[in-house]
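Overview (structure and organization)
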Amino acid sequence: MKEVFSILFGAGFTIAVSVALGSLLLRALRVRMYRVEAALFAFISGAGVLSFLVTLLCLMQQARKGVFLWGGIAVIGAAVWRARVQKERLRTLPAIRLDWLVPFCLLFGVFFIYYFFNALAPEVSADGSGYHLGNVLRDWRHHGFDWEYRSMYSYLSQGAEMLFLFAFAFGRHSSSALVHFAFGCALPLLMICYGRRFGYPKAALFAALLVFLSPVIAKDGVSAYNDICVVTLVYAVFYLLQVWDQERSDNLLILIGLLAGFAYAVKYTAALTLPFAVAWLWRRHSLKIGTLARLGIPAALLIAPWILRNWIWVGNPFAPFLNAWFPNPFYHVGMERLYVDNLQHYPNLKHWWQIPLELTLRGGVVSGTFSPVFLMLPLSLIAWRKSQVRRLLFAAIIFAEPALLNTGARFLIPAAPFAALALGIALESVAFALPVLAMFTALVCWPPVLATYCDPGNWRIGEFPIREALRLEPSAPYIIKHSPDVALNSAIVEHVPPGERVYSFAGRPQAYLDRDIVVSYESALGNLVQEILWSPHGPAPRVRERFRFLPVTTDAVRVVNNTTWFNFWTVAEMRVFSKQKEVPRNPAWRIRAWPNGWEVPLAFDNSYATRWSTWQGIEPRARIEIEFPSPQPIDEVALECDPTWEAHLQVEIRMPGGRWVPMTDTVEYEKAEPPPGMRLAASRDVKALGFRYLLVNDGDFLYEDLKKYPKFWGMTQLAEVNGTHFYRID
Amino acid sequence: MRGILVLIKLVPIIGCVLTASCGRQPGAFAVPPQRSIDLGQDPGGLGPFVIMDDPAADDYIVRDISPGRSHHRWAFLHPELRFRIKEAGYSKFAADFAIPEVTFKVTGPVTVSVAVEGRRIGSIRCDHAGDYLMEKPVPAGVLQAGKEVHVTFEAHPRWVSPDDGAELSFFLRSAGFTR
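Residues numbered from 1 in each chain as written. Chains lettered and ligands numbered in written order. Predicted model: local features only at pLDDT ≥ 70, side-chain atom pairs only at ≥ 80, totals over all residues. Heavy atoms only, no water.

Counting secondary structure elements, chain B contains three helices and 12 strands. Per-residue burial over chain B gives 37% buried out of 179 residues. In chain B, of all internal contacts separated by at least 6 residues, the share reaching a separation of at least 24 is 66%. Of the roughly 9,500 Å² that chain B leaves accessible, carbon and sulfur atoms contribute 57%. (Helix = DSSP H or I, 4+ residues; strand = E, 2+ residues; numbered from the N terminus. Buried < 20%, exposed > 50% of the residue type's maximum accessible area, 1.4 Å probe, protein only. Contact = heavy atoms within 4.5 Å. Areas by Shrake-Rupley, 256 points an atom, 1.4 Å probe, with all protein chains shown as cover.)

Turning to the overall build of chain A, a few remarks are in order. On a plain count of helices and strands, chain A comes out with 26 helices and 15 strands. For chain A, whose C-alpha radius of gyration is 29 Å, the value lies close to the compact-globule estimate of 27 Å for 730 residues. Taking the principal axes of the C-alpha coordinates as reference, chain A spans close to 95 × 60 × 55 Å. Each of the 730 residues in chain A was classed as buried or not, and the buried ones make up 61%. Counting contacts in chain A only where the partners sit at least 6 residues apart, residues at least 24 apart contribute 77% of the total. (Rg over C-alpha atoms; globule rule 2.2 N^0.38 Å.)

Now for the interface of chain A and chain B. Tallying the contact residues gives 46 residues for chain A and 38 residues for chain B. Roughly 3,600 Å² of surface becomes buried between chain A and chain B when both sides are summed, with 63% attributable to carbon and sulfur atoms. Counting the contacts that link chain A with chain B gives seven residue pairs in polar contact (both at pLDDT 80 or more). Contributing elements (two or more residues each) for the side of chain A that touches chain B: α13 (289-313), β7 (590-594), α24 (678-688) and α26 (710-713) of chain A. Top element by residues in the side of chain A that touches chain B is α24(A). It accounts for seven residues. When grouped by side-chain class, the residues that make up the side of chain A that touches chain B number 30 nonpolar, seven polar and nine charged. Pairing geometry for β7(A) and strand β1 (residues 29-30) of chain B, over two bridges, is antiparallel. Each residue of the ladder has a partner; that of I591(A), found in β1(B), is F29(B). (Buried area = accessible area lost by both parts, 1.4 Å probe. Polar contact = N/O pair within 3.5 Å; in protein donor to acceptor, adjacent residues only side chain to side chain. Nonpolar A, V, L, I, M, F, W, Y, C, P; charged D, E, K, R; others polar. Pairing = 2+ DSSP bridges.)

Looking now at the confidence of the model for chain B. Scored by pLDDT, chain B has a mean of 85; 85% of the residues are at 70 or more. Across the predicted assembly, pTM comes out at 0.85 and ipTM at 0.83. (pLDDT = per-residue confidence, 0-100.)

On to the sheet that holds strand β14 (residues 715-721) of chain A, then. Residue and element names in this part refer to chain A. Read from one edge to the other, the open sheet built from five strands follows the order β2-β1-β13-β15-β14, with strand pairing classed as mixed. Because the sheet does not close on itself, it has two edges, and the strands there are β2 (517-519) and β14. Ignoring which end each strand starts from, the neighbouring axes of this sheet average 25° apart. Its contacts with the sheet place helix α23 (residues 524-534) against β1 (502-504), β2, β13 (693-697) and β14, and it is angled at close to 70° to β1. (Axes fitted to C-alpha atoms, helices over the stretch in contact; angles between N-to-C directions.)

Residues and elements named next belong to chain A. Of the strand pairs in this sheet, strand β10 (residues 649-654) and strand β11 (residues 660-664) are connected by four bridges, and their pairing is antiparallel. Bridge pairing in β11 places E652 opposite P662. Here β10 folds back onto β11, and the loop between the two strands holds five residues, one of which, G658, carries a positive phi near 100°.

A few words now on the pattern of salt bridges. Residues and elements named next belong to chain A. Tallied over the entire structure, the rule returns 42 salt bridges over all chains. In this structure, D127 and R410 form a salt bridge, with 3.6 Å as the shortest nitrogen-oxygen distance. One end of the pair, D127, is in helix α5 (residues 126-142); the other, R410, is in the loop between α16 (387-400) and α17 (416-427), with 283 residues separating them in the sequence. Classification of D127 by relative accessible area gives partly exposed; the value is 22%. (Salt bridge = Lys/Arg side-chain N within 4 Å of Asp/Glu carboxyl O.)

With that out of the way, let us pick up the side chain of S51(A). Locating S51(A) in the fold gives a position in helix α2 (residues 35-59). Sequence-distant contacts of S51(A), that is, excluding residues within four places in its chain, are made with G159(A), M162(A), L163(A) and F262(A).

With that out of the way, let us pick up the side chain of Q650(A). All names here are of chain A. Note that Q650 resides in strand β10. Residue class for Q650 comes out buried when judged on its relative accessible area of 15%. At 3.4 Å, the side chain of Q650 and the side chain of N562 are in polar contact. Side chain to side chain, Q650 and E652 meet in a polar contact 2.8 Å long. Beyond its immediate sequence surroundings of up to four residues, Q650 is in contact with R558, V559, V560, N562, P662, T664 and D665.

Our focus in this paragraph is the packing of aromatic side chains. This structure, assessed with the given rule, holds 65 aromatic pairs over all chains. Measuring from centroid to centroid gives 5.8 Å for F117(A) and F464(A), while their planes differ by 85°, and the two rings are edge-to-face. You can see F117(A) sitting in helix α4 (residues 98-120) and its partner F464(A) sitting in the loop between α19 (447-453) and α20 (466-469), a full 347 residues away along the chain. Take F117(A): its relative accessible area is 15%, and that puts it in the buried class. A ring pair is formed by F97(B) and Y132(B), whose centres lie 5.9 Å apart and whose planes are at 20°; its orientation type is stacked. (Phe/Tyr/Trp six-rings, centres within 6.5 Å; stacked < 30°, edge-to-face > 60°.)

Before going further, it helps to spend a moment on helix α11 (residues 250-266) of chain A. In this model, α11(A) (17 residues) spans 25 Å end to end at C-alpha, consistent with the 24 Å of a helix rising 1.5 Å per residue. Within α11(A), 14 of the 17 residues are buried, which leaves it mostly tucked inside the rest of the structure. (Expected span 1.5 Å × (residues − 1).)

Residue and element names in this part refer to chain A. Between α11 and α13, the least distance of the axes is 7 Å, while the angle of their chain directions is 25°. It follows from the interaxial angle that α11 and α13 lie roughly parallel. The crossing of α11 and α13 is right-handed. Across from D250, L253, I254, I256, G257, L258, G261, F262, Y264 and A265 in α11, the residues of α13 making contact are T291, R294, L295, P298, A299, L302, I303, W306 and I307. In terms of residue class, the contact of α11 with α13 is made up of 14 nonpolar, three polar and two charged. (Parallel < 35°, antiparallel > 145°, perpendicular 65-115°, else oblique. Left-handed = near helix turned anticlockwise from the far one by under 90°.)

Here we come to the nonpolar core. Ranked by size, the top nonpolar core spans 170 residues in total, and within it F68(A) and Y115(A) carry the most contacts. The biggest single contributor to this core is helix α7 (residues 159-198) of chain A, with 24 residues. Contact partners of Y115(A), with chain neighbours within four places excluded, come to F181(A), F212(A), L213(A), A218(A), V222(A) and I461(A). The next biggest cluster of nonpolar side chains, apart from the first, holds 37 residues, and it includes Y60(B), L81(B), A95(B) and L143(B). (Core = buried A, V, L, I, M, F, W, Y, C linked by side-chain atoms within 4.5 Å.)

Here the focus is the environment of P43(B). Here P43(B) lies in the loop between β1 and β2 (49-51). P43(B) gets classed as buried once you look at its relative accessible area, which sits at 14%. A sequence separation of 102 residues divides P43(B) from A145(B), and the C-alpha atoms of the two residues are 19 Å apart. Look past the residues within four positions of P43(B) in its chain and what remains in contact with it is R679(A), Y709(A), F712(A), A56(B) and D59(B).

Moving on, we get to the pairing of strand β9 (residues 623-641) of chain A. Residue and element names in this part refer to chain A. By the bridge criterion, 14 bridges tie strand β3 (residues 543-561) to β9 in an arrangement that is antiparallel. Along β9, the bridge assignment pairs E545 with L639. With five bridges joining them, strand β5 (residues 573-578) and β9 adopt antiparallel strand pairing. Looking at the pairing, M574 lines up with L639 of β9. Pairing analysis gives five bridges linking β7 to β9, with the strands arranged antiparallel. By the bridge assignment, A593 is partnered in β9 with I624.

Attention shifts here to the packing of α7(A) against α11(A). Residues and elements named next belong to chain A. The contact between α7 and α11 brings their axes to 5 Å, and the two run at 80°. When the axes of α7 and α11 are compared, the pair comes out roughly perpendicular. Taking contact as the criterion, the partners of G159, A160 and L163 in α7 are, on α11, F262, A265 and V266. In terms of residue class, the contact of α7 with α11 is made up of five nonpolar, one polar and no charged.

If you want it as structure tokens, here you go:
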């Protein structure tokens, strides 16, 4: 029970500090709010401030338990003192009829208990135990950001993770999940406040239930994800914009800006919140510099740490995206494109008409379902004449946009409260419609009932782990049951020295592994190691492309592509010849390439296990170049590679004036066999990159060969659990 | 209208800020240290000699030798191996094998003969249980550089399993061509 106390303290303390910070902020801004509203906005805005402060501590490597504890106590103390000194008489929102409120509380309460124990149980969600808390654990170990660890997931803004880190310091993983769950509870309450304030209490109660009970929102909310944090912030901004419409308070704009900035800090997809607010103000009011400044400065304050961190650290303020605009050596343009393309496409979808049913009934293709009542959403158009419905539907459409980039149901969550409320308002005049639909939702979304009709792959709450939640059962078997790789942690800790990294083709539950894992698709380094390990079977050069020309003396030569194609251009080795003899490579040569010039040495290292690649579709001017220290007679350039047949290559030499002159675009293809010992070469080159340990799954491309010929790879299997093999490069 | 003008004025500034690092390129590099490409064999590349617990040993076996990666392997009815001689200079065939006590008790003395490319090159009589090293010269012209060479063994008598009739010849440790 001591562990449960720590978990609850961690989450409770984080929420309390957030509320304290928020109440100080709201008092400072003198924003007029109703009582419940004030408490909710204090939590939400305070969470933004706390996240910002923890970010600063992480930047200064001062994210420590003592700092959190004493800083938190000071903030709570200041808030209590301020509340006593400046007593406020807050107004109360219009009351809700008891015959509506009691059934709502009953349904909400039953589901709350079910969800609460899921959030309290050991955190085992895929992304939660993978990178959300993986980042948190790494930040915790380093008392701030780990500048050496490079993964696309560590570049994402981590506004929610900063709150998780605060909670993690006291109660570890489950505390973080409970903090996210707090947002999941704040959202329906905020929706009800909205309904009470703007005259739609019944519709708001219905909509709050529709959202809170929707299986994908519930599952996300009890996990250490960030989507519920995002939707709460998006909704809060919308809410405040409506309030601003009524009150035109300048200080309210500061709060809106802060929440919009926090939304970006939590998740990139919430970047829409700020332009939405700007557009709203522009539409409702002429946009002045002062208005923009009140909105923009607080927003920029919360956004800036993430943009600046990535700009300085990665060279790309929006990493891991927009790498074509901000080329950097840490994440390949082509990998970004593959990743985004992959997220944009529905697997196993036969027809677009399946999507509504997938989103509400099946959930296998889109990884999650909302209440089936959302199928009635078109009925909200009945109330199109009401400006409130038009606004809600407009917001729903805007905040559903990220779903175009990611097909997961999670990415529609920000649109859900708007859609639910619009439907509620449209149906509230139909007798018994809302209570009946709410009861129906409660029935079909009750997890054991849901399991009877949804797809087995639907991402949902699937159990009620009360004994594990209360730690009456040890956590380890529960965690290993859901994340079998965790069983390898003891072997990893035994063999891998602290500070050394492990390579893996697949993502792992990094929140439970005590060494950093470099995953194949998460970084340029991961891509490189994967390519090297695959080289004995695929990318090793099978062709020599020979470009012969009349003897010429030059101080630089390059091979340039003159066409556009979606495939990458790769070169394992580039060699130059004179009179049929290779011109020996000289450390004084200067070599360059574009794009991805950082990896050009791979085409000049005499290893057939490594290769330079454009790592993006080829385009004109893509090139690889050698500059000699003094003019050099040459008559042939050879590229040993896995050819990109669509490329149109030509050899150019540099004239004394600096002008590049084409020599030939005639290429002779010659079959070439990579030398024997490619497996050992691959192991050697991976080791040279700092990796001595590998995690390989049964299904990984490499595994069968590795199992058959470990000696030819120079590797030894150290442990194996549930189809995951832990290897050492000897 | 004024708001739009403000936004229009801000666009170039924001653009400059955002694109300040666009086009960042790494410049030139020196040629890195050169890697060795002499790293040994790949599996499937036959050599002149094989030891039975070598990871590539299965590639040498044509038939009738037990699978697995044991120190010794059972040779059954008509055991056959294949080799590849990469250059000239190999003149002898050598095999290291054992007659186990358990089969010798039943069979008594065993004669093991060996043939290269179908030409018998010699035999050895095993009159006790234990380890044997057979070493026989190979006639000139039988081994050709770059070509696959097949070697067959015959043992007589063989131990016959009373259960399933399986026949065991001997326990092979290693075999191949030497200089």
